[in-house]
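Here is how the chains run, residue by residue.
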Amino acid sequence: MEELLNVIVAGLVLGGIYALVSVGLNLVFGVLRVVNFAHGEFIMLSMYATYWLFAGLGINPFLAIFLVMPLMFMLGMALQAGIIRRLQNEHNMQLFATFGLLMAIQNIVLGATAGQAKGVDWEFARHVISLGGVNVNVSRLMALVAATAIAVLMHFFLRNTMQGKAIRALIQDRRAARAVGINVERMHMLTFGAGIALAGLAGALFTPIYTLTPTIGGDFILVAFAVVVLGGLGSTWGAYIGGLIIGLLDAFAGYYVDPALKQAIWFLIFWLTLIVRPSGLLGQVGAEEVGFREQ
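An account of the accompanying structure is given in this report. Everything numeric here is computed off the predicted structure, so don't read it as measured data. (Residues numbered from 1 in each chain as written. Predicted model: local features only at pLDDT ≥ 70, side-chain atom pairs only at ≥ 80, totals over all residues. Heavy atoms only, no water.)

Remarks on the environment of Gln 88
Here is step 1: Locating Gln 88 in the fold gives a position in the loop between helix H3 (61–84) and helix H4 (91–113).
Here is step 2: When the C-alpha positions of Gln 88 and Val 34 are compared, they lie 9.0 Å apart, and in sequence the two are 54 residues distant. (Helix = DSSP H or I, 4+ residues; strand = E, 2+ residues; numbered from the N terminus.)

Side note on unusual backbone geometry
Here is step 1: Within the chain, Arg 33 stands out as a residue other than glycine whose phi angle is a positive 60°.
Here is step 2: Inspection of the secondary structure assignment puts Arg 33 in the loop between helix H1 (2–32) and helix H2 (39–57).
Here is step 3: Its identity as a non-glycine residue notwithstanding, Ala 114 has a phi of 60°, on the positive side.
Here is step 4: By secondary structure assignment, the location of Ala 114 is in the loop between H4 and strand E1 (128–131).
Here is step 5: We classify Ala 114 as exposed; its relative accessible area is 62%. (Buried < 20%, exposed > 50% of the residue type's maximum accessible area, 1.4 Å probe, protein only.)

Some points on the pattern of salt bridges
Here is step 1: Summed over the entire model, instances satisfying the criterion amount to one salt bridge.
Here is step 2: Glu 185 is the salt-bridge partner of Arg 178, the closest N and O atoms lying 3.2 Å from each other.
Here is step 3: Residue Arg 178 is classed as partly exposed on the basis of its relative accessible area of 40%.
Here is step 4: Taking relative accessible area as the criterion, Glu 185 reaches 24% and is therefore assigned partly exposed. (Salt bridge = Lys/Arg side-chain N within 4 Å of Asp/Glu carboxyl O.)

A word on a nonpolar patch on the surface
Here is step 1: On the surface, Val 152, Trp 237, Ile 241, Ile 245, Leu 249, Leu 281 and Leu 282 cluster together to form a nonpolar patch covering roughly 530 Å² of accessible area.
Here is step 2: It is helix H10 (residues 236–256) that contributes the most residues to the nonpolar patch, four residues altogether.
Here is step 3: Secondary-structure assignment places Ile 245 in helix H10. (Patch = residues over 30% accessible without salt bridge, like charges linked within 9 Å, V, L, I, M, F, W, Y side chains within 5 Å. Areas by Shrake-Rupley, 256 points an atom, 1.4 Å probe, with all protein chains shown as cover.)

Re helix H11 (residues 262–276)
Here is step 1: Taking 1.5 Å as the rise per residue, H11 with 15 residues should run 21 Å; its terminal C-alpha atoms sit 21 Å apart, in good agreement.
Here is step 2: Three or more residues of H11 are buried, namely Trp 266, Ile 269, Phe 270 and Thr 273. Considered in projection along H11, the buried side chains sweep an arc of 105° and stay on one side of the axis. H11 presents Trp 271, Ile 275 and Val 276 as exposed residues on the side facing more than 90 degrees away from its buried surface.
Here is step 3: Packing partners of the buried residues in H11 comprise H1, helix H9 (216–231) and H10. (Expected span 1.5 Å × (residues − 1). Arc of directions from axis to C-beta. Contact = heavy atoms within 4.5 Å.)

Structural notes on helix H6 (residues 162–172)
Here is step 1: Buried within H6 we find Gly 164, Ala 166, Ile 167, Leu 170 and Ile 171. Along H6, the residues classed as buried sweep out an arc of 160° about the axis, all on the same side.
Here is step 2: Buried residues in H6 make contact with H1, helix H5 (138–160), helix H7 (174–179) and helix H8 (184–206).

Quick look at the structure:
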């Protein structure tokens, strides 16, 4: 029984990591209908920023969040205004643009670091909490807590604030939102910035967990697509629940089957979801179509 509990807890904290990776990607798709292939690279960039703050200024990764997130928010807004907005009527070109950002960011970091792996040696992050025979790493637990908090806060924001209602209006019908006076371009810029800021949050929290390399973003984006498709394109709660499901399946497969098969399991779920329910578990029917109700 203790063994099973450890596997479940490991799956849940891993699912928190996957959910944190996916929620920003899902937010951007829900509003802008942009599948951001560079999302993993923004997480990687945030991890390096957190590392440099830790190594150069002694700022621990949890405090670095308050510097990294605003920086990534501003970067996201600048990229949306300078690149994504100019291609708003060219959906295929937007995909190519985000792929171009992926390659550019990856190669810039590769040149800046000479490809050397980095790591944050922070004692607090290595601490393990033990309760009733169940062990969990503090850093991974913080990722689960952050993912849960983001899901709750996003739900409250979208349901109870004017900006959140404007975002929901954009998700449903862009033309109608513009007709009632919503500044569509401004909301797009803010939403893309928020999605990249969430990548910044994920990157800061992941820095003590993973070894940093310029190509680590590719590992995050693969699982993020599986989570987003499973949970539902454009659904914050879908990203959260999808992340937990993928995390649990990953943990059980790794323990009882073979860790080498985890990516095969991700994409098996990806394919089955697209075949059986393209909108995902909590997604709006039709939202899986790029450009759905986009005018």
